[in-house]
Amino acid sequence: MTVSSAATTPRLRFAPSPTGYLHVGGARTALFNWLYAKHFGGVFLLRIEDTDKARSTDESERAIFNGLEWLGLNWDEEVVHQGANLERHQRDAQALLDAGAAYRCFCTAAELDERRKEADSRKEAFKYDRRCDRLSADEVERRVAAGEPHVIRMRAPDTDVEWNDLVHDRIAFPGKDIDDFVILRSDGTPIYNLAVVSDDIAMRVTVVMRGDDHISNTPKQILIYRALGAELPTFAHLPMIHGLDGKKLSKRHGATAVGDYQHLGLIPGAMLNFLALLGWSPGGDREVMTMEEMIELFSVDGLQRKAAIFDPKKLEWMNGQHLSVISLEELEPRVTPAIIAAGLADVKTLEDRREWYRSLLDLLRVRARTIDDIVRQAIPYFADQIEYDADAVAKYWKDPSEARSILSATKDALAAGPWDSISLESALRTLADTRGVAAGKIFQPLRVALTGLTVSPGIFEMLMIMGRDLALHRLDTAIAKLA
RNA sequence: GGCGCUAUCGUCUAGGGGACUAGGACGGGGCCCUCUCAAGGCCUAAACACGGGUUCGAAUCCCGUUAGCGCUACCA
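Since we're looking at a predicted model, the values are computed, not measured.

Let's shift gears to the overall build of chain A. What chain A contains, in helices and strands, is 21 helices and twelve strands. The proportion of buried residues among the 483 residues of chain A is 47%. Within chain A, residue pairs in contact and separated by at least 24 positions form 75% of the contacts whose partners lie at least 6 positions apart. Total accessible area on chain A is roughly 23800 Å²; 51% of this is exposed by carbon and sulfur atoms.

Around RNA strand B, a shell composed of 64 residues is seen, among which R185, E287, K306, R447 and S456 lie nearest. Backbone atoms, meaning sugar and phosphate, make up 74% of the atoms of RNA strand B lying within 4 Å of the protein. The contact in question runs from a phosphate oxygen of RNA strand B to an N or O atom on the backbone of Y192, over 2.9 Å. Within the backbone of L277, a nitrogen or oxygen atom sits 2.8 Å from a sugar or linking oxygen of RNA strand B. Breaking the surface near RNA strand B down by element, the ones donating at least two residues are α4 (109-121), β7 (169-173), β12 (308-309), α11 (312-325), α19 (439-451) and α20 (459-466). It is α11 that provides the largest number of residues to the surface near RNA strand B, a total of four residues. Each residue belonging to the surface near RNA strand B can be placed in one class, and the counts come to 24 nonpolar, 19 polar and 21 charged.

Assigned domains of chain A: these are domain 1 (84-238), domain 2 (258-382) and domain 3 (390-482). For domain 2 versus domain 3, the separation of C-alpha centres amounts to 32 Å. In this assembly, eight residues from domain 2 lie in contact with ten residues from domain 3. Here domain 2 and domain 3 share an interface that buries about 800 Å² over both sides, 69% of which is from carbon and sulfur atoms. By the criterion of area lost to domain 3, the three top residues of domain 2 are L363, P380 and Y381, representing 65% of everything that side buries. If you look at where domain 2 meets domain 3, you find two residue pairs in polar contact (both at pLDDT 80 or more).

Once that is clear, we can look at the pairing of strand β1 (residues 11-14). Across the two faces of β1 the burial is the same, with R11 and R13 and L12 and F14 all buried. Note: β1 against strand β2 (residues 43-48), four bridges, orientation parallel. Opposite R11, over in β2, you have V43 as the bridge partner.

With that settled, consider the packing of aromatic side chains. In this structure the tally under the stated criterion is 13 aromatic pairs. Considering the side-chain rings of F443 and F460, the 5.3 Å spacing of their centres and the 90° angle between planes classify their relative orientation as edge-to-face. Linking F443 in helix α19 with F460 in helix α20, this pair joins segments that are 17 residues apart in sequence. Overall, F443 belongs to the buried group, its relative accessible area being 11%. Look at F460 and you get buried, because its relative accessible area is 11%. Taken together, the ring pairs connect F32, Y36, F40, W280 and F298 into an aromatic cluster. Geometry around F106 places R143 over its ring, the cationic atom sitting 4.5 Å from the centre.

On to the nonpolar core. In this structure, F310, I339 and F382 are the most contacted members of the largest nonpolar core, which totals 105 residues. Here the element with the most residues in this core is helix α1 (residues 24-39); it accounts for nine residues. Once you skip the residues sitting within four places of it in the chain, I339 turns out to touch L344, A345, L350, Y357, V375, A378 and F382. In terms of nonpolar packing, the next biggest core, distinct from the first, is built from 29 residues, L97, V161, M203 and A230 among them.

It is at 10 Å that the axes of α1 and helix α9 (residues 268-277) come closest, and there the two elements cross at 85°. It follows that α1 is roughly perpendicular to α9 by the angle criterion. Contact residues: α1 offers V24, A27, R28, L31 and F32, while α9 offers M271, L272, L275 and A276. Looking at the contact of α1 with α9 residue by residue, the class counts come to eight nonpolar, no polar and one charged.

Our next topic: the sheet that holds strand β8 (residues 182-184). Across the sheet, three strands lie side by side as β4-β5-β8; this open sheet has antiparallel pairing. Of all the strands in the sheet, the pair left with one neighbour each is β4 (102-105) and β8. Shown here is a sheet whose adjacent strand axes are inclined to one another by a mean of 45°, direction ignored.

For an α-helix, 3.6 residues make a turn, and residues three or four places apart therefore share a direction. An ideal rise of 1.5 Å per residue puts 22 Å on 16 residues; α1 measures up with 22 Å between its terminal C-alpha atoms. For α1, the tally of buried residues reaches 14 of 16 residues, placing the bulk of the element in the interior. Following α1 by one or two positions, G41 has its phi on the positive side, about 65°.

Basis of the calculations
Residues numbered from 1 in each chain as written. Chains lettered and ligands numbered in written order. Predicted model: local features only at pLDDT ≥ 70, side-chain atom pairs only at ≥ 80, totals over all residues. Heavy atoms only, no water. Helix = DSSP H or I, 4+ residues; strand = E, 2+ residues; numbered from the N terminus. Buried < 20%, exposed > 50% of the residue type's maximum accessible area, 1.4 Å probe, protein only. Contact = heavy atoms within 4.5 Å. Areas by Shrake-Rupley, 256 points an atom, 1.4 Å probe, with all protein chains shown as cover. Near = heavy atom within 4 Å. Polar contact = N/O pair within 3.5 Å; in protein donor to acceptor, adjacent residues only side chain to side chain. Nonpolar A, V, L, I, M, F, W, Y, C, P; charged D, E, K, R; others polar. Domains from an automatic or database assignment. Buried area = accessible area lost by both parts, 1.4 Å probe. Pairing = 2+ DSSP bridges. Phe/Tyr/Trp six-rings, centres within 6.5 Å; stacked < 30°, edge-to-face > 60°. Lys NZ or Arg CZ within 6 Å of the ring centre and 35° of its normal. Core = buried A, V, L, I, M, F, W, Y, C linked by side-chain atoms within 4.5 Å. Axes fitted to C-alpha atoms, helices over the stretch in contact; angles between N-to-C directions. Parallel < 35°, antiparallel > 145°, perpendicular 65-115°, else oblique. Expected span 1.5 Å × (residues − 1).

Set out below in structure tokens:
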């Protein structure tokens, strides 16, 4: 066996099975693999584990691609499909047989099931009793020649298996607890543990980073590596993600697919940042980070051993933070499709008023936690007609004639002078003084007239971004409505 | 049942023998700012699962208990 130099570039892979959508747990596993690769100048590979034909679909494969692409977790080299490597898997099984590390087993699934139940009823741990390993060579040959169906099993040695896990340090399994596990089915297709090892060797994967639900597969896989004479990769087992109730994250917990969050108006940078913090810490108080910062700060030392609970509240907060700090160049293309989908404007309008549009986004993003929040808030600046919120009317237009009087005085004051925020503000504050009321008595009814809502950005910022025509038009409409 | 993994505020975490009166963040409560809502600033409640060791000294090291989770297929 050759000893590789320490300078070998790390090769990592994310290996989902295409049996659903890209789950946030999977996304986080992918992220850590990706961060490791980027941080250490390595390579990030993608392998689709589609050997379970019954459950794998093209649709979910596409969903996985889309999810990873949306997140920006780009992979190097061609996507590997495990199902395409059947011949190599079989060759490796044969090699294991030839090397004496594995043997043929003629026990049927039904027989095994029966024995398993028996052991169960006696409250004993079931372990294959190796009866087929004791068959004579002649008998095996005869039964194979007769075409009797059989599987291939690894002959697990009694020695303990241990490895130095990147996140858990030393993990050890007593040899006596490792079963003679099946590596090739009677139909000639490989079992997971064989396919994984065979592919990881072929892909020259040096770091196997995956969920800790694979810890108990690891000793079996190590046995295969050794029997195949391959160098062991470094293993890293990441903790799971749980829902708010502490159970494994599932559909019951609401959105669990990355695509769900995309549609909920999250941005990938925030999603990634949030996911990274679920199971990893850069140390100290660091929280809001860009991709570049995460790559820079990534270290296996910060990897957590404990399962983390997915907290949607913090995700939202994180998204709000990212919405506020990313550049307008980055924000705009994320919001525009949503604005268009909501029917507020078309592409041309947005392009024609590019600068104005960007100022609007800049104004709205500070009080938004999702893209959808921005779209909702943007309505008054685009729509021809606005709806008046009942509570807003009840509260600030309580007395219609009084409200009408204030609004028309407001309109006159605004229309009289130049349209800049300083002039507008002084006009309205003067009006308040003249009428002997607090400024809020002017601002709030005006806010309702302009937006139909009680909540909006600052009144002068709003007047400026709406522009004279639209603002005055809104006032006319409101005054007419109150008549 | 067996094997394995894990255990700091409700949640995410800092912490790697003395710097701990255990720090930060989300969420909660309060105050400030203020034309509303956010954002921001300040303050506040809130945790080392339990029991033994080791040590002059333990959130930190070891052992046990308990609890949670995972695996225990001719699934991946």
